Each structure stands twice: as C-alpha cells, then as structure tokens.
Amino acid sequence: MMVLKDILYKVTINAVVGSTNITVGKIEFDSRQIETNDVFVAISGTVTNGHLYIEKAIKDGATAIVCEQLPETLEDGITYIEVVNSNQAMAYMAANFYGHPSENLKLVGVTGTNGKTTVSSLLYQLFKKAGYKVGLLSTVKVMVDNTTYKATHTTPDSLTINRYLQLMNDKGVEFCFMEVSSHGIHQSRTEGLKFEGGIYTNLSHDHLDYHDTFAEYRDVKKRFFDQLPNDAFALTNIDDKNGLVMFQNTSAKKYTYALKNYADYRAKILENEFSGLLLKLNDSELWTRLIGSFNAYNILAIYGTAELLGLDKVEILRLISELENVAGRFQYFISEEKITAIVDYAHTPDALKNVLQTINDIRTKNEELITVVGCGGNRDKTKRPKMAHIASTLSTKVILTSDNPRHEVPETIIEDMEKGVEPQDFKKTLSITDRKQAIKTACQMAGPNDIILIAGKGHETYQEIKGERSDFDDYKIVKNYLEQLQK
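Residues numbered from 1 in each chain as written. Predicted model: local features only at pLDDT ≥ 70, side-chain atom pairs only at ≥ 80, totals over all residues. Heavy atoms only, no water.

Novice: Where do I start with the nonpolar core in this structure?
Specialist: Inside soluble globular proteins, nonpolar side chains tend to come together where they are buried. Judged by nonpolar contacts, the single largest core of 40 residues is most densely connected at Leu126, Phe127, Phe177, Ile199, Tyr257, Ile299 and Ile320. Of the residues forming this core, the biggest block, eight residues, is contributed by helix 8 (residues 293-308). Leaving out residues up to four positions away in the same chain, Ile320 has contacts with Leu126, Leu286, Thr288, Ile299, Ile302 and Tyr303. Counting 29 residues, the second-largest nonpolar core is a separate cluster that includes Leu107, Leu193, Phe225 and Phe247. (Core = buried A, V, L, I, M, F, W, Y, C linked by side-chain atoms within 4.5 Å. Buried < 20%, exposed > 50% of the residue type's maximum accessible area, 1.4 Å probe, protein only. Helix = DSSP H or I, 4+ residues; strand = E, 2+ residues; numbered from the N terminus. Contact = heavy atoms within 4.5 Å.)

What follows is the structure, encoded as structure tokens:
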C-alpha cells in the first residue's frame, strides 16, 4: 500500500482530476488483474488499447486511472491522471512503488541484435563462479541468485522488472545482468532504472516488422546509452559500424572492444576449433570452450565488463576459461557415427552468417554441412530471402522449414525464403514444411564426419502454430534421431 502522489514522483503529468492523496494497493496495466483500490495504467499497446478497459477496471475496483487521454465521462470518487506517455509513467511508478531496487545493486544492461543472451548469461555465470550473489534478466530465464523463474519477454514490462529487482534486493544480490531489447527501450520499460553500465554488441537486420527503418532501430538502441548517468560505463564493439554511434550523446564513461581495431579490450584468435578458442586477449593468452569469432566478441564484452565492475584481471581470465555454452547457443554434440549436430538460436541473417562462417572455418571441407533453417511467422518478412540466401551459399545442403509460423501459413513463409536461393543453389535446397521431418531428413542425409546445423529456435522448447504452443526442442529431437540411426 502506498500513497498515490508518492508513486507519481518524476511522472510527466498533463492533468489531474481528483485527489492524489489516496492510498492504493498496487499498479496494474492488465485490467483482468485489477483488485480493490488498485491503480490502472491504460497503455496503448501494439495488440490492444488499454484505454478501452478503463470502465471495466473501475467496475473491478480501481480507484485511480493513469491514461494518455481522459475518458469523456469521469466517475465520481475516481482519480484520473493524464500523462504524456503511459509506458514511461508506469516505469517511474514501478520504480517508486518497489522502492527503487535498481539503486541497491549494480545493474548492467546488454543491447544489440545478436549476443545479448550469451553476454548476460555468461556474466551471470562468471560472477556466480567468483562467489557473488547474482541476478539475470534474459530471454532464456530469470535468475534471482540460485532460483530460476520462467522468462516471458526479452525485456519484461517495467512492473515485472522492478518486482524481480526488489526480490533480488531481498536475497542480497549484488550484481544483475539484463538483456535490453529495442522493444523494451522503445516502450520505456527500462526508464526509472539506475544502470551501472551498458554493453553494445552489434546491430544487424532484425525487427523491421516493429521499427519502420533500420535507422529507427539503431536510434532506439542508442537511446539506452543516451540515458546512462555520468557515473556509469558504456562498453561498445567498435568493429561494428554503429558501435561509435552509441557514444554520441552518452554521459557515461566510454570503453571499447574489438578484434580488428585498436580498442581498450582487444583480442586475436590464435586457434578456432570445435573444442574451443585460443585467444590473445590484450597481453594474455586465454583458452575458452566457447567457439567462433562471434564468441570472441562476446568474451571481450564479458572481460571488459568484469574488469570495469572491479574484478581482478587474472581471476577474470581463469573464470572465463571455465565458462560453459549457453543453452541453444552453438550447443553441439557428436554422435557415435561421428556426426556433429549443432543447435543455434541464429534467427537473423547476420547471426546465421556468423555461425555458418564459424563452422566453415573449422571444418576440413571434406564433409557435408547440412543446414535446417526456417523463419518466424508474423515477423520481419524482409529477412526471409536473406536467411535462405546465406544458408544456401554457405552450406553444402539446405532444408528450408518452419520455425514458429504463428498465424501465418508455413508454406507462404518458405516461399518467401525460396526467393533468396540463387539458381546454382537450387539443387542442394529442399523445402520440408514439418520441422520435425526436416530434422529427421537432415539426420538421414548425414554420414560420418558430416555436420548438421539446426538454426532459428535454439533454447526454445516449443513451436507456435496458429496461436497454439506445442512441445518442441531442436536439441532433443536431433539427438534422438541420431541415436535411433545408430541402433
């Protein structure tokens, strides 16, 4: 229970009708969760408009309404707060309501197209190994020290974020690593939080179903760094052409990492094998079980962040050598028939290219590289032909299939992908709508020493078709088929 006027601290208000000196129970933006004396925040979402549910929220017990436009009819005894931006208002209200929990730990945000999950998850792993109580807010899961919670979004809503951060405060968590998506930044979910630092990984083609242009997508990412305080750090990948753009208006202390350019944290790949990477990182040699140049960038981001947060350099190197792959990120096993199966979350053109180039750098070229790849439904359609083009160019055989079709017809998605296949690559490209059958076919096509890459879903353990989710785990399915072939 809190007084409404205290929850509204820092919120940009246009008008107030009624008293703000009332006690409220909790904040809600889902009218179905409203109870007596709650505050209802009406948000104009991408799917539905919360302003349509103001009357229902009042009927169910809400005594205060926060909205961007006052209803035509105002009810007696209800307080109405008209704000400039409901998402932003809710973010500040959440921070106020939960006692500004981000100020009681060191919160680091990771943003970029690819690498967010890997960097944040490995930082969680590293700081746990270093003996700290750590939190994680990621696409894969939420961790409050040793307790796991299911993740629902890359960046949760601001109420959920602050609720988890308060729980971390209660458990004595000292560091928290958080994925920060472009959707989350655009919808102001991270406003009102105090960040100790921000990490930029890279920027490539994605989410143009949500952002109108690539420039808008880039500028939304940049906004996260614009809002960092001057006592925070900003760590950016300057091998990426947009890396320095993130620095343009930030007040934070600036640090860089790179493989190709001079930077504060730089590395050279000495060996790249399926067993791991040997790097020269600044002046030290480091062996890691992580694979590929994209992971060399992730390791640089992790090393730089750990040092900026005060860990000893030698200790950081030792801990990085102990890190294990994140679920669904270049997760692989080798069957008894010596077939290597790799499952990776690569669902953008750049990520798929990185994974395939890494495999091609390691393999001898005497074996087949069979790629199974699909694209999600009701998402950015412009990347579909690009994904198929990359897969068919960099693989010896390709099976185009379903990912999460959602409410689209899978065959239509695959037809969009097929447009990116060059005429000379037609013969090595198959289209199989059923993803399980596509994986089974890849296993049947593979022989000893061949490599199968299953891209797109990674850690996901479901497939979404026509709004329904069913159990589906790429890693378990390919492992099961390869084991069956051995019998």
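The discussion continues.
Novice: Mind showing me how you'd approach helix 10 (residues 349-362) here?
Specialist: Helical periodicity: at 3.6 residues per turn, an α-helix aligns residues three or four positions apart in one direction. Between the first and last C-alpha of helix 10 there are 20 Å, a value that for 14 residues agrees with the 20 Å anticipated at 1.5 Å per step. Among the residues of helix 10, those classed as buried are Pro349, Ala351, Leu352, Val355, Leu356, Thr358, Ile359, Asn360 and Ile362. Along its buried surface, helix 10 packs onto strand 16 (265-273), helix 8, strand 20 (340-344), strand 21 (369-375), helix 11 (384-394) and strand 24 (451-455). (Expected span 1.5 Å × (residues − 1).)

Novice: How do you make sense of the layout of surface pockets when you look at a structure like this?
Specialist: Rolled over the atoms, a probe sized like a water molecule indicates the empty space that remains. Within this model, the second largest pocket holds a volume of roughly 350 Å³. If you go around the second largest pocket, you meet 18 residues; those closest to its centre are Tyr92, Glu191, Gly192, Leu193 and Lys194. Top element by residues in the lining of the second largest pocket is helix 3 (residues 86-97). It accounts for three residues. The residue inventory of the lining of the second largest pocket, partitioned by class, reads eight nonpolar, six polar and four charged. (1 Å grid on protein atoms, 1.4 Å probe; cavity = no way out; pocket = protein on both sides within 12 Å on 5 of 7 lines; lining within 4 Å. Points joined across faces, edges and corners; volume = space filled by probe spheres on them. Nonpolar A, V, L, I, M, F, W, Y, C, P; charged D, E, K, R; others polar.)

Novice: Honestly, the sheet that holds strand 22 (residues 397-402) in this entry has me stumped. Any pointers?
Specialist: Across a sheet, paired strands are connected by hydrogen bonds in the backbone, their directions being either parallel or antiparallel. One open sheet holds the six strands; their spatial order is 19-20-24-21-22-23, and the pairing between them is mixed. Every interior strand has two partners, whereas the edge strands, strand 19 (331-334) and strand 23 (429-431), have only one. When strand polarity is set aside, the average angle formed by the axes of neighbouring strands in this sheet is 15°. Relative to strand 22, strand 21 is paired through six bridges, and the arrangement is parallel. Each residue of the ladder has a partner; that of Val372, found in strand 22, is Ile399. (Pairing = 2+ DSSP bridges. Axes fitted to C-alpha atoms, helices over the stretch in contact; angles between N-to-C directions.)

Novice: Quick question: what am I supposed to make of the pattern of salt bridges here?
Specialist: By the definition in use, this model includes 21 salt bridges. Measuring nitrogen to oxygen at the nearest pair gives 2.9 Å for the salt bridge that ties Arg384 to Asp416. In this pair, Arg384 is assigned in helix 11 and Asp416 in helix 12 (residues 410-418), connecting sequence segments 32 residues apart. Both residues of the pair, Arg384 and Asp416, count as buried. Among the charged side chains, a salt-bridge network with shared partners connects Lys26, Glu28, Glu35 and Asp38. (Salt bridge = Lys/Arg side-chain N within 4 Å of Asp/Glu carboxyl O.)

Novice: Hey, could you run me through the environment of Asn21 in this one?
Specialist: Here Asn21 is to be found in the loop between strand 2 (13-17) and strand 3 (23-24). We classify Asn21 as exposed; its relative accessible area is 54%. Here the alpha-carbon distance between Asn21 and Met2, two residues 19 residues apart in the chain, equals 9.8 Å. Sequence-distant contacts of Asn21, that is, excluding residues within four places in its chain, are made with Val3 and Lys5.

Novice: Any chance you could explain the confidence of the model for the protein here in plain terms?
Specialist: A low pLDDT score tells you not to read the predicted coordinates there in detail. Per-chain confidence: the protein averages 94 in pLDDT, with 98% of residues scoring 70 or above. In the predicted structure, residues 206-211 sits below a pLDDT of 50 and forms 27 contacts with residues beyond four places in sequence or in another chain. (pLDDT = per-residue confidence, 0-100.)

Novice: In this structure, what is going on with the sheet that holds strand 16? I would like to understand it.
Specialist: Pairing is mixed in the open sheet, where eleven strands are placed in the order 11-10-9-12-8-13-14-15-16-17-18. If you trace the sheet from one side to the other, it starts and ends with strand 11 (147-150) and strand 18 (284-288), each paired once. Across the sheet, the mean angle from the axis of one strand to that of its neighbour is 20°, orientation sign disregarded. Of the strand pairs in this sheet, strand 17 (residues 276-281) and strand 18 are connected by five bridges, and their pairing is antiparallel. If you follow Leu281 over to strand 18, its bridge partner there is Ser284. Packed on one face of the sheet, helix 7 (residues 214-226) meets strand 8 (106-111), strand 13 (197-200) and strand 14 (233-237) and runs near 155° to strand 13. Sheet strands in contact with helix 8 are strand 8, strand 12 (175-179), strand 13, strand 14, strand 15 (253-258), strand 16, strand 17 and strand 18, and its direction is about 140° off that of strand 16.

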